[in-house]
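Spelled out from the first residue to the last, the chains are:
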Amino acid sequence: MRRLPVYLLLDTSGSMTGEPIEAVKNGVQVMISSLRQNPQAIETAYISIISFDSVAKQIVTLTDLASFQMVDIKASGTTCLGEALKLVSTCIDTEVVKTTPEQKGDWKPLVFIMTDGIPTDDWQSGLEEYKKRKVAFTVACAAGTGADANLLKQITENVVTLDTADSQSIAKFFTWVTASIGVTSTKVEDGGKEVTGIGELPPPPSELNIVV
Amino acid sequence: MFVSKKINGMSDAKQLVTTLLKNNNIQVPADRKQLLNQFVQDEANLRAISTIIKNQDQLMTKWKLENRIADIRQQSVRIPNGTVGKPYEARFDFDLLSWKDITEYEFEGLQNIGLHYDSKIKLITGTPAESGDHKIIFKFKISGQPAELPFNEKIIPLIINPDPRSLWKTLESDKADPWWKQDDVTIFSPLGPLQLLVSSKRGRSHANVGSFREDDFAFSELENGWSIVVVADGAGSAKASRKGSSIACNAVVEYFKEPAAIDNMKEFDQLIPAYKNNTGEETAAKINRLVYNNLGKAVFQVHKNLEEFAATNNLALKDLNSTLIFTLIKKYQEGFAFLSFGVGDCPIAIINKDKTEVILMNWLDVGEFGGGTRFITMAEIFKSDKFASRFGFKLMDDFSYLMLMSDGIYDPKFVVENSLADIKKWHQLLADLGGKNEDGVAVVLDKDNPDIVEQFSRWMDFWSPGNHDDRTLAIVF
């Protein structure tokens, strides 16, 4: 059974306190509940949550949807995106199964990043590490005016922005992530091939601005 | 009647009054110590003091109780998720939770989802019948709590996943479509001196969205004593592949039914005995050439038919992408002769009489991550220097089974390509067909089995997570 690993990198820095962090928690819960109704996703999608503020932590290891239980997250501290990129790199090394003649490995992972601010650590070295790993695609979401979409563009081609980091916008982002995971689960199961890019995903809602 | 106690040379009563005065910023100087002593021995005062101490103790006790109740209510208690229809077990040990002071308890909400708490084995157990994000109410009383007070309540979330099988819908495919084909077909038929049991079923992923079966098959007895079985797997990414696989299968059969082909195949009748008696280089080479010429022409014809169809129906050739495998069989005095061709990722396998050996007639076109299969619609296969190797020939005294299958069967049953060469894996498949499967469905592969079609059709509905593709399996025995 080839798994579709999904890594969510979530900014839990101080600026996310209040409405934004609640919206993120809610977004993840709703995402998990929805995906549980998707027969392909429930078989193939495995989700991991990495939070980053003053430190980066893998708060939920790669878990299948049926077993997944969301942990509580609190917002405080700075924004160590670089560390988060390094952490997801090592997680990919240890958690994603490679294909060998004896066994079929996992599909290439999907990585979604959400941040509302500027990284406060050495994100470039984090990016260098991250680039060494193979992923199906990376999507970065710049939530609100505090984030820097151009900086995120250096991490990935696929950058979307939210005008504000409020409940509605964040909820829309997670709805889109849900749909993307759902569609990808179906595509890899049916087509037997990796999904190669954001073009294969459902179109994002109007609240998400695609950065060209 | 309150009796004053002496602690550290000062009674409780005196202690209390002294503290009270201090809290009101009143000092007791040396010359008022006598007054204080009298004060705390006065009966009325002692009664007041005793009441105060009793009230304080009550307040303390009450606070500790409510604090403890709050601790228990806020304590993070997580139990694993369950799934509808799957037996559930969750350890719920009060000792491990440090809940030794719970005197009475009740679970509310377990019964109506099919679970219960067994206090002897300290497990929440049962088989959940209802999916959802359930909130189980754990009602409890702790020691020291007045009995008449109602239960305290603690919410324990319990997530029950729906039965994955129930999430798959079965939508009708559009019968008005010009290239519609029946969703599921299962046939049992004589095939020359042998039997053919074949089934082709629409995959759950297609049924879920009401699309078509893209696998196909065909078979026929031929006038010259040969029989033929064909299987084709239309590509999921090709919009008319259901028609592509159908054209491919039927075109192969039609080709071999043509008088010219019937005639050409007669050359085998001389070569086979010669091959059996002296397997000299020449006879083998002649046979290979004959296979290549006869089957090669058939394959080329199929490709042409597909090209023509695409042209006359405003389609790109790749819209008809399909894999293709077929085998011709004839019984000779010298044994059974098998001729085969394959393009794509569908295997053709022969299991010998005593089931100690499996002979794979073709190699599979597979890419790095399993997505690199090739199709009969690809002109490049004809030009490749590997083209000749797609054809196979085998002469066997006898055999037990010839099987042709699409990846909808080999993915769940064999998983990796390497397993196809392992006879043990084929034993497993035969055992599986014999009833060793999750649903306990047995298919008796005997021509006198009146229920063989029904059994095989049911077996073909097997559940395999992640494997919801169309599936086709042809067994010749």
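Bear in mind that the values here come from a model prediction, so they are computed numbers and not experimental data. Throughout, residues of each chain are indexed from 1 in the direction in which the sequence is written. Chains and ligands are labelled by the order in which they are written, letters from A for the one and numbers from 1 for the other. In view of the model being predicted, local features appear only for residues whose pLDDT reaches at least 70, and side-chain atom pairs are presented and counted only at 80 or more, with totals across whole chains, interfaces and linings using the full set of residues.

1. Thoughts on the overall build of chain B
- Numbered from the N terminus, helices here are DSSP runs of H or I no shorter than four residues, and strands are runs of E no shorter than two. Helix and strand counts for chain B stand at twelve helices and 20 strands.
- Throughout, radius of gyration means the C-alpha value; the globule benchmark is 2.2 Å times the number of residues raised to the power 0.38. In summary, chain B has a C-alpha radius of gyration of 40 Å against a globular reference of 23 Å for 477 residues, an excess of more than 25%.
- When the backbone C-alpha atoms are referred to their principal axes, chain B occupies close to 140 × 50 × 40 Å.
- Taking as baseline every contact in chain B between residues at least 6 positions apart, the subset at least 24 positions apart corresponds to 67%. Note on contacts: each residue gets a C-beta atom placed from the backbone, and two residues are in contact if those atoms are within 7 Å.

2. A few points about the overall build of chain A
- Of the regular secondary structure elements, chain A holds six helices and seven strands.
- Secondary structure elements of chain A occur, N-terminal to C-terminal, as β-α-α-β-β-α-β-α-β-α-β-α-β.
- The globule rule puts the C-alpha radius of gyration for 212 residues at 17 Å, and the 16 Å found for chain A is close to it.
- When its C-alpha atoms are laid out on the principal axes, chain A stretches across 45 × 35 × 35 Å.
- Counting across all 212 residues of chain A, residues that qualify as buried make up 52%.
- For chain A, restricting intrachain contacts to residue pairs at least 6 apart in sequence, the fraction spanning at least 24 positions comes to 75%. Put plainly, a residue is buried at 20 or more neighbouring C-beta atoms within 10 Å of its own, exposed at 12 or fewer, and partly exposed in between, counting only other residues' C-beta atoms, which are placed from the backbone.

3. Describing helix α11 (residues 423–433) of chain B
Residues and elements named next belong to chain B.
- Those residues of α11 that sit buried are Trp426, Leu429 and Leu433. Angularly, the buried residues of α11 cover 55° about the axis, an arc narrow enough to put them on a single face. More than 90 degrees from the buried face of α11, the exposed residues found are Lys424 and Ala431.
- Turning to α11, the residues buried within the fold contact β16 (348–352), β17 (358–360), α10 (407–414) and α12 (452–459).
- Taken from the residues just after α11, Gly435 is the one with a positive phi, measuring 125°. Think of the arc as the fan of directions from the helix axis to the C-beta atoms.

4. Describing the interface of chain A and chain B
- With 23 residues of chain A at the contact, the number on the chain B side is 22 residues.
- Looking at the side of chain A that touches chain B, the elements with two or more residues in it are α2 (39–44) and α6 (167–191) of chain A.
- Among the elements that take part in the side of chain A that touches chain B, α2 of chain A stands out by supplying four residues, more than any other.
- The nonpolar class holds Ala, Val, Leu, Ile, Met, Phe, Trp, Tyr, Cys and Pro. Asp, Glu, Lys and Arg form the charged class, and all remaining residues, Gly among them, are polar. Residue classes in the side of chain A that touches chain B are distributed as five nonpolar, nine polar and nine charged.

5. Some points on the domain arrangement of chain B
- Assigned domains of chain B: these are domain 1 (6–74), domain 2 (82–166) and domain 3 (184–476).
- Centre-to-centre separation of domain 2 of chain B and domain 3 of chain B, based on C-alpha positions: 54 Å. Source of the domain bounds: an automatic or database domain assignment.

6. What to know about the nonpolar core
Residue and element names in this part refer to chain B.
- By definition, a nonpolar core groups buried Ala, Val, Leu, Ile, Met, Phe, Trp, Tyr and Cys residues that connect through C-beta atoms lying within 7 Å of each other. With 77 residues, the main nonpolar core has Val230, Ala248, Val252 and Ala474 as its most contacted residues.
- Top contributing element to this core by residue count: helix α8 (residues 281–312), with eight residues.
- The contacts of Val252, once residues within four sequence positions are left out, are Ala218, Ile228, Val230, Ala298, Val302 and Phe326.

7. Here's the deal with the sheet that holds strand β7 (residues 123–126) of chain B
All names here are of chain B.
- A pair of strands counts as paired when DSSP detects no fewer than two bridges linking them. What the three strands build is an open sheet, ordered β4-β7-β6; its pairing is antiparallel. Two strands lie at the open edges of the sheet, namely β4 (88–91) and β6 (115–118), each paired on one side alone. Averaged over all adjacent pairs, the angle separating strand axes in this sheet is 20°, with direction ignored.
- With four bridges joining them, β6 and β7 adopt antiparallel strand pairing. To obtain an axis, a line is fitted to C-alpha atoms, over the contacting stretch when the element is a helix, and the angle between two such axes runs from 0 to 180 degrees between their N-to-C directions.

8. With respect to unusual backbone geometry
All names here are of chain B.
- In this model, Lys122 sits at a positive phi of 55°, which is unusual for a non-glycine residue.
- Phi angles above zero are rare outside glycine, and Lys355 is one such case at about 60°.
- Along the chain, Lys355 turns up in the loop between β16 and β17.
- Judged by the 14 C-beta atoms lying within 10 Å of it, Lys355 falls in the partly exposed class.

9. Points about the sheet that holds strand β19 (residues 399–405) of chain B
Residue and element names in this part refer to chain B.
- In spatial order, the strands read β10-β11-β20-β19-β16-β17; together these six strands make up an open sheet with antiparallel pairing. On the outer flanks of this sheet lie β10 (184–191) and β17, each paired with one strand and no other. Taking each pair of neighbouring strands and ignoring which way they run, the sheet shows an average axis angle of 15°.
- Relative to strand β11 (residues 194–201), β10 is paired through eight bridges, and the arrangement is antiparallel. If you follow Leu191 over to β11, its bridge partner there is Leu194.
- Against the sheet, α12 touches β10 and β11, its axis set at about 135° to β10.

10. Notes on the environment of Gln333 of chain B
- Note on placement: Gln333 of chain B falls in the loop between β14 (324–332) and β15 (335–343).
- In this structure the C-alpha to C-alpha distance between Gln333 of chain B and Glu106 of chain B, which are 227 residues apart in sequence, comes to 79 Å.

11. Thoughts on the packing of helix α3 (residues 81–95) of chain A against helix α4 (residues 123–131) of chain A
Residues and elements named next belong to chain A.
- Interhelical geometry of α3 versus α4 gives an angle of 15° and a closest axis separation of 7 Å. Relative to α4, the element α3 is oriented roughly parallel. In this structure, α3 crosses over α4, and the sense of that crossing is left-handed. Touching Leu81, Gly82, Glu83, Ala84, Leu85, Lys86, Val88 and Ser89 of α3 are Trp123, Ser125, Gly126, Leu127, Glu129 and Tyr130, all from α4.
- Each residue belonging to the contact of α3 with α4 can be placed in one class, and the counts come to seven nonpolar, four polar and three charged. Every angle not falling under 35 degrees, over 145, or within 65 to 115 is termed oblique; those three ranges are roughly parallel, roughly antiparallel and roughly perpendicular. Working rule for handedness: look at the near helix, and if it is turned counterclockwise from the far one by less than a right angle, call the crossing left-handed; if clockwise, right-handed.

12. Structural notes on the pairing of β7 of chain B
All names here are of chain B.
- Bridge count between β4 and β7: four bridges; the pairing is antiparallel. Bridge pairing in β7 links Arg91 to Leu123.
- Between β6 and the antiparallel strand that follows it, β7, lie four residues; Lys122 among them carries a positive phi value of about 55°.

13. Brief notes about the environment of Glu22 of chain A
- One can find Glu22 of chain A in helix α1 (residues 19–35).
- For Glu22 of chain A, a count of 15 C-beta atoms within 10 Å puts it in the partly exposed group.

14. What about the confidence of the model for chain B?
- The pLDDT value tells you how sure the predictor is about a given residue, anywhere from 0 up to 100. Confidence in the prediction for chain B averages 93 pLDDT; 96% of positions are at 70 or higher.
- What the predictor reports for the complex is a pTM of 0.78 with an ipTM of 0.85.

15. Things to note about helix α1 (residues 12–23) of chain B
- To estimate the expected span of a helix, subtract one from its residue number and multiply by 1.5 Å. Counted at 1.5 Å a residue, the expected span for α1 of chain B with its twelve residues is 16 Å, and the 16 Å between its end C-alpha atoms agrees.
- Of the residues one or two after α1 of chain B, Asn25 of chain B is the one with positive phi, at around 60°.

16. Details of the packing of α1 of chain A against α6 of chain A
Residue and element names in this part refer to chain A.
- Contact pair α1 / α6: the axes reach a minimum separation of 9 Å and the direction vectors enclose 30°. The angle between α1 and α6 places the two elements in the roughly parallel class. Relative to α6, the crossing made by α1 is right-handed. Within the contact between the two elements, α1 uses Glu19, Pro20, Ala23, Val24, Asn26, Gly27, Val28, Val30, Met31, Ser34 and Leu35 and α6 uses Ser167, Ile170, Ala171, Phe173, Phe174, Val177, Thr178, Ile181 and Gly182.
- Here the contact of α1 with α6 is built from residues that sort into 13 nonpolar, six polar and one charged.

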